[in-house]
Structure formats: C-alpha cells, structure tokens
Amino acid sequence: MSKLGQVVESVENYNKFVLDQVKRARTDEKFGRELLGRWNDIKAKIPVTRTPTGLPLPRLALPEIDEPGEIARCLFGEGLPGEFPYLNGAYREMYLEPVREVESFEKNKAVVAGVSPARGSKERPTRPPLQEEPTRLFSGLMLAEDTNERFHYLTRHQRTHRLSTAFDGPTLYGIDSDADGVFGKIGEGGVAIDTVEDMVRLYDGFDLGSPHFSASMTISGPAPIIMAMYIAAAKRRFGPKVVPKLRGTIQADIFKEVQAQNETIFPIEPSLRFLTDMVQFTTHEMPRWYPISISGYHIGEAGSTPVQQAAYTLSNGFAYVEMFAGRGIPVDQFGPRLSFFLDCGLDAEYIALARVSRRIWAIGMRDVFGAGSKAQLYKLHTQTSGRSLIAAEFKNNLTRTAAELVLAYMNATNSCHSNSADEPFTTPSEEWIRLAAHGQAILLEESGIFKHTMNMLSGSPGMKAVERAVEAAILDEFREIERLGGVLAAVEERYQRSQIQNAAHRYEQQIYDGTRPIIGLNRYRDGDGEIPDVKLARTPRSKQQLQVDRLSKFKKNNAEKAKRALDKLAEVVERAENCFPTLLEAAEVCSLGQITGRLQEVVGRFRPMV
C-alpha cells in the first residue's frame, strides 16, 4: 500500500476512533464526567467581547450541548480552532479584533458614546494591537516598475504588505523578452522579469526583511530560477543577512502544471529534482519562507469539480511530502513550511471544502508521516473563482465575489485574494481592483460577521452534511489514484487531466442547457448582451522595447561571468548535486532565459503527454 492508500486508511481509522470515543463517553461514566468537566472548563474560560452596539458575545462560539457523547464528537471529530484535527481552523483565533472585555467596554462606553473623559482624568480608550490582515493583494502588469507602482497603490492603506505577483507569459515559460516571437507578449497579463535587476525594480521601496512584508510569486516551471533571483535582489538591497528574514511563498507546484496548467519547461523528474533542491535549501536557510504553494486553484480554473480540486491538491501534497522526506529532509522541518492554494466558487461543496481538506491533511500527516503539530497544519490561501466571473453584465461579478469571500472566511482561510469584476476583459484597472480589496475590508472590518467570534457561521446541519459528503468523495478519488499506482503514475496515465477535462465539459454543457444558472448570461438576461466599453490594459511597444534594451545591456555587461556561471551550473546538475546554491550564483549574472536554456541542454525539455 502506498502512502496515499495509508492516508485513506488513517482517515477511516480516525473516524472509527471518534465513534468509539462517542460510545465510550456514553457508557463509561467516569470518562463522560471527565469530558463534561473539560467542556465546562473550556466554556468558562472563553473571554466575552462586545460589539460596537454593546452586545456581549463569546470570543469562541460552541454548540449548546451537555451530553458527553456529543461533546466527544465535537472535541475529537472536529477539534476546537487550533486543535487537532483542525476542522474549525488552523489557529485558535483568526480575523478577530483584539479582546474587548466587558469591563474595559464598561470603562470606555462613555467615550464610545461620544462623551469625553473628565478633565484631568488619565482614562483614555486604548486601542489594542492589531493583527496582520489576511488580505493578500495581487498584481502584475507591464514592466517591473509599473507593477511596483501598483503595489504601492494597493498597500497605501494596509498595515501589513502581503503582495502576490503575476508574471507574463514569456517569464512563466522561462523565456527571455528578446527571444524570437515574444515581443508582443512582453508585460501582457503579468509582469516581465528577465534579470535580477528587474526583480530589484519589482519590489523597490518595500522592506523585504520586515516581519510585516511577505511576497508571493505565482510561477511554477522556472520557480527555482525566479526564487534565486528574488534572493539575489534582496541581498543586493539589504545584504546577505536578510536571507533568513525573508517571508513569503513561491508556487513551484509541478504536479498541478502537468495536470491542469501546462507551464512546465523541464521533464517531470528533473522538474521535481530542481524543486526538491530549492526546498532543501530554503528549509535550512530560510525558516520563514514557504518554498511551495500546493495549488488547487488552477485545477479548479481548468474545469475540475470542487471535490476533484481538493482531492488532487491533497494527493499532490502528500506526494511532495513523501518526495522531500525521501531526500532526507525531516518532515518536521519542511512540513510547517508547506502551504496550499484553493479557489472558492459558488457550488455547495465550498461551504466546507477547505475545512475537510484541513482535517484530512492533519490526520494523514500525523498518522502516516509522523509529523508534529506544526507540520499537521494545512495553511491555506484562497482566491475567489476567476471562472465564475462573467463578461455579460459584468458588474454582477461584485456580488459573486462577495459571496465567495464569505464562503472562504467561513472555511477559516489563512489569507485571501478577491478577484476584480473586470477580469473577464483585461488586467484589473485601479478602480475595480480597489473595489475588490474593499470587499474584503467591508467583510472583515465593517461587518461583524467574523471580527467578534470564532465559529460564528460553523457547524450548521447543512455544513455538517456537506462535510460528510465531501470527505467521502475525496477518499474515493484517493482510492482511484492509489489503484493507478500513486500520484506520479496517475499523472503519467493522464488520469487527473482527463477527469478535469470531463468535468469542464459538463460544466459548460450545464451552462448551455440552463441547468447551471448564470445570472445575466443564461437567466434574467437584460438587453442585447453588448460588450461594455472597458479600457484594456496593454503594454505600450515603447515599454516592451525598453525591456529588450535593458536585457541586452545586462547580457553584454555580464557576458563572461554568465558563461562561467552557466558552465558551473551545468556541471553541478550533471553530478546530481543540489544545484540551488549554484543557481543563486548564476542568478546574479545570468538572465532567466539563459539559465533555462542551459538547464534544458542538460536535462531536456518537457514534452506534453498525449
């Protein structure tokens, strides 16, 4: 039985354990009394906070139960937020405002009501320290300085700077901007990055070593090369001591590229080797960095069902864990540095998809891989569904995204990005990207849905029904992948890819025949469906030429150094040593395309499976 088969068995065994604990609590009086005493102690220690209107609320909402069996089902089957198996959240508190005790509210209620303290009084309403926002801001357009300007625009009202970067097509494929046939694609749909100098421009003005800054880079095929450029850029600005302080993540998910997105530039085995080299380096040298974001988002965007998205993401994650452990990296060192990325659409499964994924991951990591508590955490970034954005009557996309945000935060996502309503047409404009960010701010700061009480929307009978159905369906997908020989064997059989394609066809057919209602498209459509006048974001030819000229100058200035660095890199790869330290040296003097080309000479190019 493979590791994935063992995960299925461990989840089933854990579910049996929960049922055994429920039965024991109902038949063993001593055990039942202990559980009831623990439950009452938990409830007694929950702080009370106040809404702005003065309503007292518990900091943590628990079900109103006093029967030992149901208490056992809650504590063992779900866990409190921050407790195994983490169904209700990876951490004890998320999104909440700092504690406002009843007493402090009473003390300050006159001030809240607009009455000033008595003259001479030292009483002042204190503002507790604020937590890091879960909002992650996403951008990538034209050249590095243009994206940098957009980053500064987006973060001017943010306490913490959590930036996610989109790259243009040539960069995603490891191709230089001066390559034949790519000129018109420079800076389109993302930012053009060719050299370490571009990377310096991209994050200019941001303190890369600050605990309040993190960078996310949405790229997989050439991820180790881009990662090396990011480290090199940070060292240029802040010196070598900044490297252990760097926070963020890079996507680097090769499995999902082969399964769903196509941006693979080396054969699968060398791609996985280069990824593992990077993980080994960052695990040892960069304790705050997440070297891979195991991504279901693109699987979902390619057309999968929600269950397929979760199942393939989780199974890919377990395959990476097995691969990294096989390299000799301790699971409790790299495990806490793994992160996940899901989309959130409007299907019913999204009510509980991330909650169930978090539970399965925790059980599998603990019981199959022997991971400690920190490595059991399924740390999740969510992005609202791009596929759900519709060109027809596109302003409705604001409502779609708002509903998806509620679902994402109901699932206790660790960070979130909200898509812009105009994305069916173009790279988001400042107006619509601002509205997208404000959607999260309204939900988290203006509304009281999530900022007062944990578990505010969790645990309904409907949510529990979805949880049970989703878990069973995910385990069925695991069994099929296990039957095919595991994740890599299933990839080679094109299993995941074919299933995604079939699901995408069904989705489009449902829209066409009306069984999947899309408001403004196939239901309640108004008018003749003319495309609105939306200004398209395009990269001027002058900027594209500037990028080519800069690249030409960089290559000319570093010609001799680049040749030596590339020769050394090729030798290290041929000796099957960890190539990432040498890649760091090459990133200082070589372009992305030069490094990609030399590595392809050594290991070959990816050829799509047919």
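Here the structure is a predicted model, which means the values were calculated and not measured.

Tell me about the overall build of the protein, residues and numbers included.
In terms of regular secondary structure, the protein is built from 23 helices and 11 strands. The C-alpha atoms of the protein give 25 Å as radius of gyration, which agrees with the globular expectation for 610 residues (25 Å, within 12%). By principal-axis analysis of the C-alpha atoms, the protein measures approximately 75 × 70 × 60 Å. Sorting the 610 residues of the protein into buried and exposed places 55% on the buried side. Contacts in the protein between residues at least 24 apart in sequence constitute 78% of all its contacts with a sequence separation of at least 6.

Break down the pattern of salt bridges for me, with residues and values.
Inspection of every chain in the model, using the stated rule, returns 33 salt bridges. Linking R92 and E93 is a salt bridge whose minimum nitrogen-to-oxygen distance equals 3.7 Å. With a relative accessible area of 60%, R92 lands in the exposed category. Residue E480 is joined to R483 by a salt bridge in which the shortest nitrogen-to-oxygen separation is 2.6 Å. With E480 and R483 both in helix α17 (residues 461-483), this residue pair falls 3 residues apart, about one helical turn.

Explain the state of the cysteines residue by residue, including any values.
Considering all chains together, one arrives at 0 disulfides under this definition. The closest cysteine sulfur to the non-disulfide-bonded C416 is located on C344, 7.6 Å from its own sulfur. Its relative accessible area of 0% is what places C416 among the buried residues.

Got a sec to walk through the confidence of the model for the protein? Specific residues and values, please.
Here the protein averages 90 in pLDDT, while 93% of its residues score no lower than 70. By mean pLDDT, helix α4 (residues 102-112) is the weakest element of the protein at 43, and helix α14 (residues 353-367) is the strongest at 98. Note on residues 101-129: pLDDT is under 50 here. Beyond four places in sequence and across chains, it has 20 contacts.

Quick one: what's the story with the pairing of strand β5 (residues 213-218), residue by residue and with numbers?
Across the 6 residues that make up β5, a large majority, 6, are buried. By the alternation rule, side chains of β5 split into F213, A215 and M217 and S214, S216 and T218, which are all buried. Here strand β4 (residues 161-166) runs beside β5; their pairing, made up of 6 bridges, is parallel. Within β5, the position partnered with L163 by the bridge is A215. One ladder, built from 3 bridges, connects β5 with strand β6 (residues 248-250); its direction is parallel.

Run through the packing of aromatic side chains, naming residues and quoting values.
Enumeration according to the criterion identifies 28 aromatic pairs in this entry. When the centroid spacing of 5.0 Å and the interplanar angle of 0° are considered together, the rings of Y297 and F341 count as stacked. Highlighted residues: Y297 in helix α11 (residues 297-301) and F341 in strand β9 (residues 338-344), separated in sequence by 44 residues. On the basis of relative accessible area, Y297 is assigned to the buried category, the value being 7%. For the ring pair F394 and F425, a centre distance of 5.4 Å and an interplane angle of 90° mean the geometry is edge-to-face. Remark: F425 occurs in the loop between β11 (415-417) and α16 (430-446) and F394 occurs in the loop between β10 (380-384) and α15 (397-410); sequence separation between them is 31 residues. The exposure classification of F394 matches that of F425, with both residues buried. Pairwise contacts between aromatic rings join F151, Y203, F206, F213, Y230 and W289 into one cluster. We note R24 situated over the ring of F31; from NZ or CZ to the ring centre the distance is 3.8 Å.

Account for the side chain of T51, naming residues and giving values.
By secondary structure assignment, the location of T51 is in the loop between β1 (48-50) and β2 (56-58). Exposure remark for T51: the relative accessible area of 9% places this residue in the buried category. Side chain to side chain, T51 and T53 meet in a polar contact 2.8 Å long.

I'd like a description of unusual backbone geometry, backed by residues and values.
In this chain, F84 is followed by P85 through a cis amide linkage whose omega measures 0°. Mapped onto the fold, P85 is located in the loop between α3 (68-78) and α4. Positioned with a positive phi, Y95 is a non-glycine residue whose angle comes to about 70°. Even without being a glycine, Y524 presents a positive backbone phi close to 60°. Within the fold, Y524 resides in the loop between α19 (495-513) and α20 (541-557). Judged by relative accessible area, which is 63%, Y524 ranks as exposed.

Could you give an account of the sheet that holds β9, with specific residues and numbers?
Picture the strands of a sheet paired through backbone hydrogen bonds; they go either parallel or antiparallel. The 4 strands lie next to each other as β8-β9-β10-β11, forming an open sheet whose pairing is parallel. Every interior strand has two partners, whereas the edge strands, β8 (292-295) and β11, have only one. The sheet shows a mean angle of 25° between the axes of neighbouring strands, taken without regard to direction. As judged from the 5 bridges shared by β9 and β10, these two strands associate in the parallel manner. Residue pairing across strands places C344 opposite T384, the latter belonging to β10.

About the thresholds
Residues numbered from 1 in each chain as written. Predicted model: local features only at pLDDT ≥ 70, side-chain atom pairs only at ≥ 80, totals over all residues. Heavy atoms only, no water. Helix = DSSP H or I, 4+ residues; strand = E, 2+ residues; numbered from the N terminus. Rg over C-alpha atoms; globule rule 2.2 N^0.38 Å. Buried < 20%, exposed > 50% of the residue type's maximum accessible area, 1.4 Å probe, protein only. Contact = heavy atoms within 4.5 Å. Salt bridge = Lys/Arg side-chain N within 4 Å of Asp/Glu carboxyl O. Disulfide = S-S within 2.5 Å. pLDDT = per-residue confidence, 0-100. Pairing = 2+ DSSP bridges. Phe/Tyr/Trp six-rings, centres within 6.5 Å; stacked < 30°, edge-to-face > 60°. Lys NZ or Arg CZ within 6 Å of the ring centre and 35° of its normal. Polar contact = N/O pair within 3.5 Å; in protein donor to acceptor, adjacent residues only side chain to side chain. Axes fitted to C-alpha atoms, helices over the stretch in contact; angles between N-to-C directions.

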